[in-house]
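The primary structure of each chain is shown beneath.
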Amino acid sequence: MSSSIPFTHENLDFYLKELAKEFRKIGGKNMPAEIILIGGASILANYSFRDMTYDMDAIISASSAIKDAINYVGDKYGLPNGWLNTDFVKTKSYTPKLIEFSVYYKTFSNILTVRTVTAEYLVAMKLKSGRQYKNDLSDIVGIISEHSKKGTPLIFTQIEKAVCDLYGSWDGISTELREFIISVLEQPDYTKLYEHYRKSENQSKDILLEFEQDHPNALNEDNINAVLEKAKRKKKSRNEPER
């Protein structure tokens, strides 16, 4: 579920801290909880190339009191229902093995342990999703870029191992996306590449929004890529000069 209020580097820990405090009040100090941040929230926790995200997806392991704590914090700070949610587990990039390969982030109020997904495992997740209309491709470029700048560059064998660790094989990840990651790893200028994919993703999002307005409830996971490609071809043909 997307929030209308962005989560940022500055407020991410604040909301998690408030959640931990409320969870402790409701459930007591002897009922620990664990959250694994996924996607955009995981990127905010580990990288600087994105300023915000509107999605706070997570794998949650806690008593039922966590739901009340989430709702309380949401009401208190004007966040939408389900501002922190587990909808991600219904997507194709979810696998229970993410728990095994997540890494420790922080503990709040001595009761809420927060973990994240990072580096090659986050890249593997983004490849599995591979959505042209979200931040998947630009996020991959951003992650690879930051590791390169830090002197800890990711290489293809690391990413391939992560894909196999999480999903068993490259099955379910298109040949185009596999070629994409190889190409990205060979690029000398990540800044221009990141801008290119962000622009493309924003254009794709606008195309789908326009389609949705013209054809309400017609889009679904099975047809969204085909709809997007058809719309792009149509738009390209309109913009081509006549000969």
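Here goes a summary of the coordinates provided. Quick caveat: nothing in here was measured; it's all calculated off a predicted structure. As a convention, each chain's residues are numbered from 1 in the sequence order in which they are written. Only residues with pLDDT of at least 70 get local features here, since the model is predicted, and only at 80 or more are side-chain atom pairs given and counted; chain-wide, interface and lining totals rely on the full set of residues. With hydrogens and water excluded, all non-hydrogen atoms of the structure serve as input to the side-chain values.

Points about the environment of Ala69
Next, step 1: Helix and strand assignments come from DSSP, with helices taken as H or I runs of at least 4 residues and strands as E runs of at least 2, each series counted from the N terminus. Mapped onto the elements of the fold, Ala69 is located in helix α3 (residues 65-76).
Next, step 2: In this scheme, a residue with accessible area under 20% of its type's maximum is buried, one over 50% is exposed, and one in between is partly exposed, where area comes from a 1.4 Å probe on protein chains only. Given a relative accessible area of 0%, Ala69 falls into the buried group.
Next, step 3: In the structure, Ala69 is positioned 75 residues away from Ile144 in sequence and 35 Å away in space, judged by C-alpha atoms.
Next, step 4: The criterion used for residue contact is that any of the two residues' heavy atoms lie within 4.5 Å. Discounting residues that sit within four places of it in the chain, Ala69 has contacts with Leu19, Glu22, Phe23 and Ile26.

Focus on helix α8 (residues 175-185)
Next, step 1: Listed in full, the buried residues belonging to α8 are Leu177, Phe180, Ile181 and Val184. For α8, the angular spread of buried residues about the axis comes to 95 degrees, placing them on one side. Projecting away from the buried face of α8 at angles above 90 degrees are the exposed residues Thr175 and Glu179.
Next, step 2: Here the buried face of α8 lies against α5 (119-129), α6 (136-149), α7 (156-167) and α9 (190-214). This arc describes the spread of directions from the helix axis toward the C-beta atoms.

Digging into the layout of surface pockets
Next, step 1: A cavity, in this analysis, means grid points on a 1 Å lattice covering only the protein atoms where a 1.4 Å probe fits yet has no way out; a pocket is instead an open set bounded by protein on both sides within 12 Å along at least five of seven lines, and a residue lines either one if it has an atom within 4 Å of a point. Grid points are joined across faces, edges and corners, and a volume is the space filled by probe spheres set on the points. Volume-wise, the largest pocket comes out at about 1400 Å³.
Next, step 2: Residue lining of the largest pocket: 42 residues in total, with Asp55, Arg131, Tyr133, Lys134 and Asn135 positioned closest to the centre.
Next, step 3: For the lining of the largest pocket, the elements supplying multiple residues, two or more each, are α2 (39-46), β3 (52-55), α5, α9 and α10 (224-239).
Next, step 4: Among the elements that make up the lining of the largest pocket, the one with the highest residue count is α9 (eight residues).
Next, step 5: Residue type decides the class: Asp, Glu, Lys and Arg count as charged, Ala, Val, Leu, Ile, Met, Phe, Trp, Tyr, Cys and Pro as nonpolar, and the leftover types, Gly among them, as polar. Along the lines of polarity and charge, the residues of the lining of the largest pocket split into 14 nonpolar, twelve polar and 16 charged.

Section: the packing of aromatic side chains
Next, step 1: In this scheme Phe, Tyr and Trp rings, the latter by its six-membered ring, pair at centre separations within 6.5 Å, and the angle between planes marks the pair as stacked below 30 degrees, edge-to-face above 60, and tilted otherwise. All told, the structure shown has twelve aromatic pairs when counted by the stated rule.
Next, step 2: Judged by centre distance (6.0 Å) and plane angle (50 degrees), the ring pair of Tyr15 and Trp83 falls under tilted. Here Tyr15, found in helix α1 (residues 12-27), pairs with Trp83, found in the loop between α3 and α4 (98-101); they are 68 residues apart in sequence, far enough to count as distant. In this pair, the class of Tyr15 matches that of Trp83, namely buried.
Next, step 3: An aromatic cluster of three or more residues is present, and its members are Phe7, Phe14, Tyr15, Tyr77 and Trp83.
Next, step 4: In this arrangement the basic side chain of Lys128 is found over the ring face of Tyr167, its NZ or CZ atom lying 5.0 Å from the centre. By definition, being over a ring means that NZ of Lys or CZ of Arg is both within 6 Å of the ring centre and within 35 degrees of the ring normal.

Quick notes on unusual backbone geometry
Next, step 1: Here Asn110, not a glycine, exhibits a phi torsion of approximately 55 degrees, which is positive.
Next, step 2: Here Asn110 lies in the loop between β5 (103-108) and β6 (112-116).
Next, step 3: You can call Asn110 exposed: its relative accessible area is 72%.
Next, step 4: Phi at Ala119 takes a positive value of approximately 55 degrees, unusual for a residue other than glycine.
Next, step 5: With respect to the helices, strands and loops of the structure, Ala119 is situated in helix α5.

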